[in-house]
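Below are the chains, spelled out letter by letter.
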Amino acid sequence: MRIWLDGALRDVDGATVSVLDHGLTVGDGVFETLKTEHGRAFALTRHLERLTRSARGLGLPDPDLDEVRRACAAVLEAEPVEHGRLRVTYTGGVAPLGSDRGDAAPTLIAAVAASPRRPDTTAVVTVPWVRNERSAVAGLKTTSYAENVVALAAAHRAGASEALLANTVGRLCEGTGSNVFVVLDGELHTPPLESGCLAGITRALVVEWAGAKETDLPFEVLEQAEEVFVTSSLRDAQAVVRLDGRELGTGPGRVTAEVMRIFQVKAGADLDP
């Protein structure tokens, strides 16, 4: 594997960061995960815009987006994969131990690895932990991912691929690495950004392309929803056929199947929508 680190491609064994990098010591960093197909990244511009928003939310300097584009192009050329995961990480750089930042420049890393195409259906579970919609980092895609690691591990123990969370006031929020959509009386809904969920790239495209409504919903809506699906850069739109102990069919429902069709057509027609 060849990895871009601070201005150059490096072999994986030589792509090392300091043990004092703030992204390592306190999770002071942001990142993006992009889907790649045949060596090309999907929705790169939207991802770079969100990377900048997340960096600003943490008070980091704006990333040099020209350099980020060069980094992405370099690793994609060096690691041609049919279907992959491109990860861009941007941290606070070397700093003293503790929460204070140092004077060093931020660290920029880009890497790509093969990733299998997701199945059309999946199982999810709900978990007792919540998203804090009033957090200083609510809605930012930061490298402080320990909460997601714990919740996702719980989902895996239950035979599911994702865990869904409420926010602190009991409203439907999101998954550990996905956004959630529900069908109610034939209409498509997803929680608003005010719920504390991430402004997912795929979420935004589904709202735009399929006309989903952003609706403040109680977490219990999952018990009544006719259809449920989750979205992310690597999942696209993926139908939920089992939610906790509840079966929602054997395949995508009518609305979900249409969303999946629309997304495939629109994404196939425009690599950078």
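In short, a report on the structure.

### Some thoughts on the side chain of threonine 256
One can find threonine 256 in helix H7 (residues 254-269). By relative accessible area, which is 1% here, threonine 256 ends up buried. With sequence-adjacent residues up to four places away left out, threonine 256 is seen in contact with Glu227, Phe229 and Ala239.

### A closer look at the nonpolar core
If you look at the biggest cluster of nonpolar residues, it comprises 24 residues, and the most contacted ones within it are Trp4, Val68, Leu86, Val88 and Tyr90. Sorting the residues of this core by element identifies strand S3 (29-37), helix H2 (44-58), helix H3 (65-78), strand S5 (83-91) and strand S6 (107-114) as the ones contributing at least two each. Ranked by residues supplied to this core, first place goes to H3 with six residues. Residue contacts for leucine 86: discarding those within four places in its chain leaves Glu32, Thr33, Leu34, Thr36, Ala41, Cys72, Val75, Leu76, Ala111 and Val112. In terms of nonpolar packing, the next biggest core, distinct from the first, is built from 18 residues, Ala237, Val255, Ile262 and Ala267 among them.

### Observations concerning the pattern of salt bridges
This model, assessed by the stated rule, comprises 14 salt bridges. Ionic pairing is found between aspartate 120 and arginine 117, a salt bridge with its closest N-O pair at 3.6 Å. Between glutamate 258 and arginine 261 there is a salt bridge, with the nearest N and O atoms lying 2.7 Å from each other. Of the two residues, glutamate 258 and arginine 261 are both situated in helix H7; the distance of three residues between them amounts to about one turn of the helix. Residue classification places arginine 261 among the partly exposed residues on the basis of a relative accessible area of 44%. Where salt bridges share partners, they join Arg117, Arg118 and Asp120 into one cluster.

### Observations concerning the sheet that holds S3
In sheet architecture, strand pairing relies on hydrogen bonds along the backbone and comes in two forms, parallel and antiparallel. Reading across from one edge, S2-S1-S6-S5-S3-S4 is the order of the six strands in this open sheet, with antiparallel pairing throughout. The open sheet has two edge strands, strand S2 (8-11) and strand S4 (40-41), and neither has a second partner. Sheet topology places S5 next to S6; eight bridges connect them, and they run antiparallel. Across the sheet, valine 88 pairs through a bridge with alanine 110, a residue of S6. Lying over the sheet, H2 contacts S3 and S5, oriented at roughly 170 degrees with respect to S3. Against the sheet, H3 contacts strand S1 (2-5), S2, S3, S4, S5 and S6, and its axis sits at roughly 170 degrees relative to S1.

### Things to note about unusual backbone geometry
Look at aspartate 185: it is not a glycine, yet its phi comes out positive at around 50 degrees. Relative to the assigned elements, aspartate 185 resides in the loop between strand S10 (179-184) and strand S11 (187-190). Residues other than glycine seldom take positive phi values, yet aspartate 244 does so here, at roughly 55 degrees. Inspection of the secondary structure puts aspartate 244 in the loop between strand S14 (236-243) and strand S15 (246-247). The exposure class of aspartate 244 is partly exposed, given its relative accessible area of 31%.

### Overview of the environment of valine 240
Looking at where valine 240 falls in the secondary structure, it is placed in strand S14. Classification of valine 240 as buried rests on a relative accessible area of 3%. On a C-alpha basis, the gap between valine 240 and alanine 104 in space is 45 Å, while along the polypeptide they are 136 residues apart. Here valine 240 is in contact with Thr122, Val124, Val228, Phe229, Val230 and Leu248, once residues within four sequence places are set aside.

### Focus: helix H5 (residues 201-210)
All buried positions along H5 are accounted for by Ile201, Thr202, Arg203, Leu205, Val206 and Trp209. Note on H5: the residue one or two positions beyond its end, glycine 211, has a positive phi of about 75 degrees.

### Digging into the packing of H5 against H7
At a minimum axis distance of 10 Å, the contact between H5 and H7 shows a crossing angle of 100 degrees. Our classification of the angle between H5 and H7 gives roughly perpendicular. Within the contact between the two elements, H5 uses Thr202, Leu205, Val206, Trp209 and Ala210 and H7 uses Val259, Ile262, Phe263, Lys266 and Ala267.

### Overview of the pairing of S14
Where burial is concerned, most of S14 is hidden: seven out of the eight residues are buried. Both strand S7 (residues 121-131) and S14 contribute to a ladder of four bridges, which runs parallel. From the neighbouring strand, threonine 122 faces S14, where its bridge partner is valine 240. In terms of strand pairing, strand S13 (residues 227-232) meets S14 through four bridges, oriented antiparallel.

Rules behind the numbers
Residues numbered from 1 in each chain as written. Predicted model: local features only at pLDDT ≥ 70, side-chain atom pairs only at ≥ 80, totals over all residues. Heavy atoms only, no water. Helix = DSSP H or I, 4+ residues; strand = E, 2+ residues; numbered from the N terminus. Buried < 20%, exposed > 50% of the residue type's maximum accessible area, 1.4 Å probe, protein only. Contact = heavy atoms within 4.5 Å. Core = buried A, V, L, I, M, F, W, Y, C linked by side-chain atoms within 4.5 Å. Salt bridge = Lys/Arg side-chain N within 4 Å of Asp/Glu carboxyl O. Pairing = 2+ DSSP bridges. Axes fitted to C-alpha atoms, helices over the stretch in contact; angles between N-to-C directions. Parallel < 35°, antiparallel > 145°, perpendicular 65-115°, else oblique.

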